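A structural walkthrough
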Amino acid sequence: MSKSLEKLKEQISFLKKRKPAYEEILNFYEKVVEEQERMRPAINIIPLKIKEDLKALQMKEGFPLLNKEDFPLDLASSIELFQSLCQIGKEATSMIREDVQKIEHAIKDGKLYLDELLRKHSNPDYQNKIIEEMRVNKMILNFLIHISIQPSIHANVEKLKGHVDLRNWLKGYCPICGSYPQMSLLKGEGQRFYLCSFCGFKWPGERLKCPFCENKEHESLHYYFVEEQKTYRIDTCDKCKQYIKTIDTRELDHEPDLTLEDITTVHLDILASKNGFKKPAPSPWAP
Ligand SMILES: [Zn+2]
Ligand SMILES: [Zn+2]
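As the structure is a computational prediction, the values presented were derived from the model and not from experiment. (Residues numbered from 1 in each chain as written. Chains lettered and ligands numbered in written order. Predicted model: local features only at pLDDT ≥ 70, side-chain atom pairs only at ≥ 80, totals over all residues.)

Here's the deal with the sheet that holds strand β5 (residues 232-237)
To summarise the sheet geometry, strands pair through backbone hydrogen bonds and adopt either a parallel or an antiparallel arrangement. For clarity, the threshold we go by: Being paired, for any two strands, means DSSP has found at least two bridges between them. Comment: elements are numbered from the N terminus, with helices defined as DSSP H or I runs of at least four residues and strands as E runs of at least two. Helix axes are fitted to C-alpha atoms over the stretch in contact, other axes to C-alpha atoms as well, and angles between N-to-C directions run from 0 to 180 degrees. Contacts here follow a simple rule: the backbone-placed C-beta atoms of the two residues must lie within 7 Å.
Spatially, β3-β2-β1-β6-β5-β4 is the arrangement adopted by the 6 strands of the open sheet, whose pairing is mixed. Each edge of the open sheet is held by one strand with a lone partner, namely β3 (202-205) and β4 (221-225). Within the sheet, the average angular offset between the axes of one strand and its neighbour, ignoring direction, is 30 degrees. Here 6 bridges tie β5 to strand β6 (residues 242-248), and the two strands are oriented antiparallel to one another. Of the residues in β6, the one forming a bridge with Ile234 is Lys245. Taken strand by strand, helix α10 (residues 266-274) contacts β5 and β6, and its axis lies near 25 degrees from that of β5.

Structure follows, in structure tokens:
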């Protein structure tokens, strides 16, 4: 077992004791990560050729390194992962079981092709058609696709991150793939970092600025906590009525795993949603 997986499993067992309401979903997530780890060494990606001068110019203009649909995938391992995650999902929670069964039937009946589904991971028109035809939950389908291609995406990011010039990148979207952040982190002297909802890349951002509409007016940017412990908070913007969850890592004794922290702070999403705020990068466990 890798050191990072060992640490993550320790964190999961700690969280299960501390937040028993999340036990079922944490058990599921633990199995997902184990399966991803099992596949990771076999991932084989053909590296993209980046034209340095052209990319430097594009990044200066605020364009990310590449589009989500252009990430090369290891399709064979993504398919294998999708199939084993379906199996795990069926056994894990009733919430996922029904949808997984619909997906499996569609594959068996030749109505759905896994290679196409995974290749078109960022094609909303194709996905909406599938969701309508099969009557599956959009979040669950997207989640299954996302975690199946995630090891490939991360392998790409490892190869691409050296090409990113962060010196002048003060955008609220990812310099590698252009996606909005799933969460943000505060580190050191209060420096803010964003974590990409698609590729997992981490980039520094301005502390007092809405990443979604670039609003910088202090009087319309707020944050609040729900726990005595001030580690987790919601940062809201009154201008665009959107929010981002933020972890103050200075209060943490471990390097946070984005998905794990997201899963176990769903109560913050519920609170934000009750107050009329939306999340641009939704996750399947949040309302
Ligand atoms: Zn990204
Ligand atoms: Zn905003």
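A word on the environment of Asp257
Let me state the cut-off plainly: Here the C-beta atoms are placed from the backbone, and a residue counts as buried if at least 20 other C-beta atoms lie within 10 Å of its own, exposed if 12 or fewer do, and partly exposed otherwise.
Structurally, Asp257 can be placed in the loop between β6 and α9 (258-263). A residue is classified by how many C-beta atoms lie within 10 Å of it, and Asp257, with 16 of them, is partly exposed. When the C-alpha atoms of Asp257 and Ile25 are compared, they prove to be 15 Å apart, with 232 residues separating the residues in sequence.

Considerations on unusual backbone geometry
At Arg135, a position not held by glycine, the phi torsion is positive, near 55 degrees. Mapping Arg135 onto the fold places it in the loop between α7 (124-134) and α8 (138-160). Although it is not a glycine, Glu214 adopts a positive phi angle of roughly 65 degrees. Of note, Glu214 is situated in the loop between β3 and β4. Classification of Glu214 as partly exposed rests on a count of 14 C-beta atoms within 10 Å.

Topic: the packing of helix α4 (residues 75-92) against α8
To describe two helices that pack against each other, one gives the angle between their axes and the distance between the axes. Definition in use: Each angle gets one of four labels, with under 35 degrees taken as roughly parallel, over 145 as roughly antiparallel, 65 to 115 as roughly perpendicular, and the rest as oblique. Each crossing gets its hand from how the near helix is turned against the far one by less than a right angle, where anticlockwise is left-handed and clockwise is right-handed. Classification used: nonpolar for Ala, Val, Leu, Ile, Met, Phe, Trp, Tyr, Cys and Pro, charged for Asp, Glu, Lys and Arg, polar for all others including Gly.
Two elements in contact, α4 and α8, have axes separated by 9 Å at closest approach and are oriented at 140 degrees. It follows that α4 is oblique to α8 by the angle criterion. As α4 packs across α8, the resulting crossing turns out to be right-handed. Here α4 contributes Ser78, Leu81, Phe82, Leu85 and Cys86 to the contact with α8, which in turn contributes Leu144, Ile147, Ser148, Ile149 and Ser152. Residues that form the contact of α4 with α8 fall into these classes: 7 nonpolar, 3 polar and no charged.

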